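Survey of secondary and tertiary structure
Residues per chain, in single letters:
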Amino acid sequence: MFNLINQIFGTGNGEYYNISYLHYKDNGDCVLDDFIAQSSLGVGQYDSKWTIQAEWYFAASDGTSKRENSSGFELRDLGENTYLYYPNIRNMVANSPISFRVSSANSDGGIIEIREGSTTGTLLGSCAVPNTGSWTNYQTLNCELSNSVGDKNIYLVFKGTGTELMRLDYFKVEGGDPPVQEPYSGSNRTIPGSIEAEHYDLGGESIAYHDDDTKEGDATQRPLDNVDIINNSEASNGYVVGHSQSGEWLEYTVDVTSGNYNISLFYFCGETAGDLVVSLGREIISTFSGMQNKGWDKRDSLCVENILLTSSGKKILKLEFVNGAGFDIDAIKFVKQTVDVSSVNLSNCPNSGLSVGDTQQLTANVSPADADDPSVNWSSSDITVATVDESGLITAISDGAATITVTTNDGGLSDQCEVEISKAVISVNGVAIDDCPSILFHAGETFQFTATVFPDDADDKSVSWSSSNTSVATVDSSGFLTIVSMGNSIIKVTTNDGGYSAQCIVLVDGSEVIGAILTNRQSGVIKVYPNPTSIKLHFDLPESTSEKHIKIFNTRGQLLISENTFETHFEIDVEKFKAEELLIAHIVFDQNSVYKKVLLER
């Protein structure tokens, strides 16, 4: 009546089907059941949210037939004690409603028994099917089941009088979302720590635990699970998980801290016992063997030592009974071995001194790296000189010396760093000659230059003095000027810190024209720039209705240029006078006479 095939050919776009059903229509045509072929489950597995077609059975009584009907196919010849088998109906909710689409022309109709596991298994419910008037007059009948949560292997067993009691089109059960493994009481167990056996995860059979038989024991804890939880007044929490058999297991969601552990199993045993395999994150970490038969009321323990848990985080702890089992579990305890600090040393201790205001980050290297308590404290021998914060950051406060000490909280081990603090260096950023004389000197005269170094609190305010023409004028290290002969010289002061400089032009009497510089008046209203210059000399002149007269002399009093202008801005090309070191500009306007000294660059 039906065949199973493995659909190994594609649809032309690379799709492949699961194993599925082939149905033969009344005219002999062969039809593939696309729904099953393209489902994620395939033959022999059903989602409780589906409408389960009668022809999807996995096994059936001999003589059951399949025929076409208006909706597809129906099953016929369902007589007294015939059955249909539908294994692995997934995620059924507790006390699930069930409905059947059936028809019956049998005078007394019939009864559908819904059983779990076999044709004589646990009766989950029954549904009476009346005579619907004809074999084509289908009705939907709603019934209730008495079942637990989870996956079920369902047998439909047909009862009544007659060789054909009814015809079945499909049936439905109410399903829920797949159960999810979650920690008991909503919180992960912790390692290190003690874990009660009865606090295995939520999720049910084959998800959070596996138990081979029905619930045994006398405990009311977790009554919907088949795990055998037993009252035991000698147990740490009043309960044990007992009646253990090979292949049964429990799982716990745990938060793990890595390290070396001693693991203790607390148990009760009154017979020859098997072993318990302990796994963490799918890796076996220990096996407990040799449980002693001291009686079911005597609590005993086994311990395995130096078990290394290499990584921290959320994991699944699994306890699996093997080799016959036959003991009760009270709890399993993980004790992390203590790792003491063995040494501490400082790095980044400054090799050279610090200046006031500087900071320096020290690092405390605690050994071993996996010490349980690597915390440290910091201190300074003199906080008026240097402070240190909780992270090891030194701040230089004032001149002096201080000892920075780091001390471990575990063991009181320490290391030190000696720091020298000096006043912060204040650098020079400029210099000026206080009084650059505009007077005309004569041979044999002297003058004391002074210089101001900036800033006023600079550490090194020393300067050096020089003369560009010692045949005209000399200057000593204190800035004392001595005039030697006629001409001009540039007196320069230079800071030893930073090389900043300032200069002053000294003129020694050589002509009446040069002497006229003594009459320099109204200089503030004239701008001559750049100074020094090498090509152009610019004049910014005041507004005036009269003509302005500009004359350029060398230091020997020789007239080089003479120009007249009414403009307020005027330029003169002085490049051809580069042989001169110094020019004197004489500007006359509105009965004013102004002299300017101009230094030429070569």
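Described below are features of the structure shown in this document. Predicted, not measured: the structure shown is a model, and the values here were computed from it. (Residues numbered from 1 in each chain as written. Predicted model: local features only at pLDDT ≥ 70, side-chain atom pairs only at ≥ 80, totals over all residues. Heavy atoms only, no water.)

1. Focus: the pattern of salt bridges
This model, assessed by the stated rule, comprises 10 salt bridges. The salt bridge involving Arg 76 is made with Glu 74; its shortest N-O contact spans 2.7 Å. On the basis of relative accessible area, Arg 76 is assigned to the partly exposed category, the value being 21%. Asp 225 serves as the salt-bridge partner of Arg 222, at 3.6 Å between the closest nitrogen and oxygen. No difference in accessibility class separates Arg 222 from Asp 225, as the two residues are buried. The network of salt bridges with shared partners includes Glu 74, Arg 76, Glu 164 and Arg 167. (Salt bridge = Lys/Arg side-chain N within 4 Å of Asp/Glu carboxyl O. Buried < 20%, exposed > 50% of the residue type's maximum accessible area, 1.4 Å probe, protein only.)

2. Side note on the nonpolar core
Membership of the largest hydrophobic core comes to 37 residues, with the highest contact counts inside it found for Leu 276, Phe 288, Leu 317 and Ile 332. For this core, the elements supplying multiple residues, two or more each, are strand E20 (239-241), strand E21 (249-256), strand E22 (259-269), strand E23 (275-280), strand E24 (283-288), strand E25 (295-309), strand E26 (313-322) and strand E27 (328-336). Per-element accounting of this core gives the leading share, 5 residues, to E22. Once you skip the residues sitting within four places of it in the chain, Leu 317 turns out to touch Ile 195, Leu 250, Glu 251, Tyr 252, Val 254, Val 278, Ser 279, Leu 280, Ile 332 and Phe 334. If you look at the next biggest cluster of nonpolar residues, it comprises 32 residues, including Trp 50, Met 92, Ile 114 and Met 166. (Core = buried A, V, L, I, M, F, W, Y, C linked by side-chain atoms within 4.5 Å. Helix = DSSP H or I, 4+ residues; strand = E, 2+ residues; numbered from the N terminus. Contact = heavy atoms within 4.5 Å.)

3. Comments concerning the sheet that holds strand E34 (residues 393-396)
Read from one edge of the open sheet, 3 strands run E30-E34-E33, paired in antiparallel fashion. Where the open sheet ends on each side, the last strands, each with one partner, are strand E30 (359-361) and strand E33 (386-388). Neighbour-to-neighbour, the strand axes of the sheet open up by a mean angle of 20°, direction not taken into account. With 3 bridges connecting them, E33 and E34 associate as antiparallel partners. Note that in E34 the partner of Thr 387 across the bridge is Thr 395. (Pairing = 2+ DSSP bridges. Axes fitted to C-alpha atoms, helices over the stretch in contact; angles between N-to-C directions.)

4. Considering the pairing of E21
The buried count for E21 comes to 7 of 8 residues, which makes it a mostly enclosed element. Note that strand E16 (residues 189-191) and E21 share 3 bridges and pair parallel. Considered in E21, the bridge of Ile 191 is made with Val 256. Across 2 bridges, the pairing between strand E18 (residues 209-210) and E21 is antiparallel. Following the sheet pairing, His 210 is matched in E21 by Trp 249.

5. As for the packing of aromatic side chains
In this structure the tally under the stated criterion is 11 aromatic pairs. For the ring pair Phe 321 and Phe 327, a centre distance of 5.5 Å and an interplane angle of 55° mean the geometry is tilted. Note on Phe 321: relative accessible area 2%, which makes it buried. Among the residues examined, Phe 327 registers a relative accessible area of 0% and is labelled buried. The interplanar angle of 25° and the centroid separation of 5.8 Å between the aromatic rings of Phe 449 and Trp 465 together place this pair among those described as stacked. Within this pair, whereas Phe 449 is found in the loop between strand E39 (446-448) and strand E40 (451-454), its partner Trp 465 is found in strand E41 (residues 463-467), the two being separated by 16 residues in sequence. (Phe/Tyr/Trp six-rings, centres within 6.5 Å; stacked < 30°, edge-to-face > 60°.)

Any functional reading would require information beyond the geometric quantities listed.
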